Protein chains: 2
Amino acid sequence: MTTMAILISGRGSNMMALAERCTSGDLDGRIAFVASDRSDAPGLDGARRMGLPTALLPYGERGRMAAEEALSDLITREGVDWIVLAGFMRLLSPSFVDSHRGRIVNIHPSLLPSFPGVDAIGQAWEYGVAVTGVTIHLVDEKMDHGPILAQEALPVLPTEGRQSLEERMHQLEHRLYGDTLKRLFRCRLTFEGRRVLFDN
Amino acid sequence: MTTMAILISGRGSNMMALAERCTSGDLDGRIAFVASDRSDAPGLDGARRMGLPTALLPYGERGRMAAEEALSDLITREGVDWIVLAGFMRLLSPSFVDSHRGRIVNIHPSLLPSFPGVDAIGQAWEYGVAVTGVTIHLVDEKMDHGPILAQEALPVLPTEGRQSLEERMHQLEHRLYGDTLKRLFRCRLTFEGRRVLFDN
């Protein structure tokens, strides 16, 4: 069974959706721990309620290098296969990414390369796009930039407001992240430049 | 009936698709003329074969300002309602855009703001996106930037090559441009910032 560490900074709704899919057996994975850079991330409570081990990464007190060392130690100790970012708002250092290359995955609520960075749904809304969507990608040194594993489009409905769009985006995120990890755990990846091919 | 001027630089396949829809009566519009900045644009021959008047804009000989003056004269003389860019590779000047604001429309083969500029399909392919698509937008002073009128997504198939993607993109372009102009000719537009609403 594939072992994951999930990193969050906020309410962790993608983490909760993944945890539920592991519990139901739909996703053949085990969540070794949920780690946050913020002690007040509501998702930590959610993880505890699901019976998942949690960890607080000491970004605030001791800085990025120490926080990433603590994270690497946990990853090694727990035998983690995949580091799964789920609303984790810190940029991982080049040396951390290099040490765990090809084993870190992120979800971003836009069709990258459109709207990287914070509040992607709001950025897309203000830009007036007629189609947005969700991206799952491998993490590299640049923000929201690594090779794309999956994307799915979501049309913005002419009659809906921003809140409706956000709700539909979150539903899509929860479904697509689980579906993509499922494929990822079963396949081997090959690369043609940035293009990712899934071999079964 | 709404009158269009279509601007091309190359083979003009979108122009030809629009001309066919006008001929069939599916699109309630008249193409006053097809203009090109290049005398060797293959689309000029296509336009002539369709019985459409053509014009060569003197960008090469006399520069942008003179070429845009010639275009503005034609537009006024022919009573053109919409200036329709279809693979036109020149950036229109701010003063031209200002004179014809809200009456210039462009098609771009990506889901903007991703992949503006030349060879958008190739850019998307090399980036390794899993979803691309087509954008129809109003033209403003910046390249591939104005308010979005329509977008439609196209998934990149895991098994296809770049040529297959390009063919499917062109099919989508031809359909979406006609569909969007049809709506545009029937509706009034209102704006909320960059967001465009179609009122019937």
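Cut-offs applied
- Residues numbered from 1 in each chain as written.
- Chains lettered and ligands numbered in written order.
- Predicted model: local features only at pLDDT ≥ 70, side-chain atom pairs only at ≥ 80, totals over all residues.
- Heavy atoms only, no water.
- 1 Å grid on protein atoms, 1.4 Å probe; cavity = no way out; pocket = protein on both sides within 12 Å on 5 of 7 lines; lining within 4 Å.
- Points joined across faces, edges and corners; volume = space filled by probe spheres on them.
- Helix = DSSP H or I, 4+ residues; strand = E, 2+ residues; numbered from the N terminus.
- Nonpolar A, V, L, I, M, F, W, Y, C, P; charged D, E, K, R; others polar.
- Least-squares fit on C-alpha atoms with pLDDT ≥ 70 in both.
- Contact = heavy atoms within 4.5 Å.
- Domains from an automatic or database assignment.
- Buried area = accessible area lost by both parts, 1.4 Å probe.
- Salt bridge = Lys/Arg side-chain N within 4 Å of Asp/Glu carboxyl O.
- Polar contact = N/O pair within 3.5 Å; in protein donor to acceptor, adjacent residues only side chain to side chain.
- Pairing = 2+ DSSP bridges.
- Axes fitted to C-alpha atoms, helices over the stretch in contact; angles between N-to-C directions.
- Core = buried A, V, L, I, M, F, W, Y, C linked by side-chain atoms within 4.5 Å.
- Buried < 20%, exposed > 50% of the residue type's maximum accessible area, 1.4 Å probe, protein only.

**Student:** Looking at this model, I keep getting lost on empty space enclosed by the protein. Mind explaining?
**Tutor:** Rolled over the atoms, a probe as big as a water molecule pinpoints where empty space is left. Tallying each qualifying case throughout the model produces one cavity of 30 Å³ or more. Volume-wise, the largest cavity comes out at about 110 Å³. What lines the largest cavity is a set of 16 residues, among which A:L111, A:L112, A:S114, B:L111 and B:S114 lie closest to the centre. Sorting the residues of the lining of the largest cavity by element identifies β6 (131-138) of chain A together with β6 (131-138) of chain B as the ones contributing at least two each. Considering only residue class, the lining of the largest cavity consists of 11 nonpolar, five polar and no charged.

**Student:** It is not clear to me how the relation of the copies chain B and chain A should be interpreted in this structure. Could you clarify?
**Tutor:** Each of the two chain copies can be brought onto the other by rotation about an axis and movement along it. Turning chain B through 180° and shifting it by 0.0 Å along the axis lays it on chain A, with an RMSD of 0.0 Å. Here the two chains are linked by the operation of a two-fold rotation axis. Judged by C-alpha distance, B:S114 is the residue of chain B that lies nearest the rotation axis, at 2.5 Å. Of the residues that chain B buries at the interface, 100% are likewise interface residues in chain A, meaning the two copies contact each other through the same surface.

**Student:** Looking at this structure, I do not really get the domain arrangement of chain A. What am I missing?
**Tutor:** Size of an interface, as often reported, equals the accessible area lost when the parts are brought together. Residue and element names in this part refer to chain A. By domain assignment, chain A separates into domain 1 (1-100) and domain 2 (106-200). Put simply, the middle of domain 1 and the middle of domain 2, counted by C-alpha atoms, are 19 Å apart. Between domain 1 and domain 2, the contact holds 20 residues from the first and 20 residues from the second. Taken as a group, N14, R21 and W82 account for 30% of the area that domain 1 buries against domain 2, more than any other trio of residues on that side. Counting across the interface, domain 1 meets domain 2 through two salt bridges. Ionic pairing is found between K182 and D26, a salt bridge with its closest N-O pair at 2.7 Å. The tally of links between domain 1 and domain 2 comes to six residue pairs in polar contact (both at pLDDT 80 or more). Tallied by class, the residues present in the side of domain 1 that touches domain 2 amount to 12 nonpolar, four polar and four charged.

**Student:** What's the story with the sheet that holds strand β3 (residues 54-56) of chain A in this structure? I'm lost.
**Tutor:** What holds strands together in a sheet is hydrogen bonding between their backbones, with the strands either parallel or antiparallel. All names here are of chain A. Taken in spatial order, the seven strands make up an open sheet running β3-β2-β1-β4-β5-β6-β7, and their pairing is mixed. Lying at the two open borders of the sheet, with one neighbouring strand each, are β3 and β7 (148-155). Going from strand to strand, the sheet's axes swing by 20° on average, the running direction of each strand aside. Pairing geometry for strand β2 (residues 29-36) and β3, over three bridges, is parallel.

**Student:** Can you walk me through the sheet that holds strand β4 (residues 82-85) of chain B in this structure?
**Tutor:** Residues and elements named next belong to chain B. Reading across from one edge, β3-β2-β1-β4-β5-β6-β7 is the order of the seven strands in this open sheet, with mixed pairing throughout. For this open sheet the edge positions go to β3 (54-56) and β7 (148-155), each flanked by a neighbour on one side alone. The mean angle between the axes of side-by-side strands here comes to 20°, regardless of whether they run parallel or antiparallel. In terms of strand pairing, β6 meets β7 through seven bridges, oriented antiparallel. Paired with G133 across the strands is A153, a residue of β7.

**Student:** Which parts of the structure should I look at to understand the nonpolar core?
**Tutor:** What tends to happen in soluble globular proteins is that the nonpolar side chains get buried as a cluster. Among the nonpolar cores identified, the biggest contains 47 residues, and B:M4, B:I6, B:M15, B:V84, B:V105, B:Y177 and B:L181 are the most heavily contacted of them. The element best represented in this core is helix α6 (residues 162-186) of chain B, accounting for eight residues. When we break this core down by domain, the ones giving at least three residues each are domain 1 (1-100) and domain 2 (106-200) of chain B. Dropping the residues within four chain positions of it, B:I6 is found in contact with B:M15, B:L18, B:I31, B:F33, B:V34, B:A35, B:V84 and B:A86. A:V34, A:F115, A:Y127 and A:V129 belong to the second-largest nonpolar core, a separate cluster that totals 46 residues.

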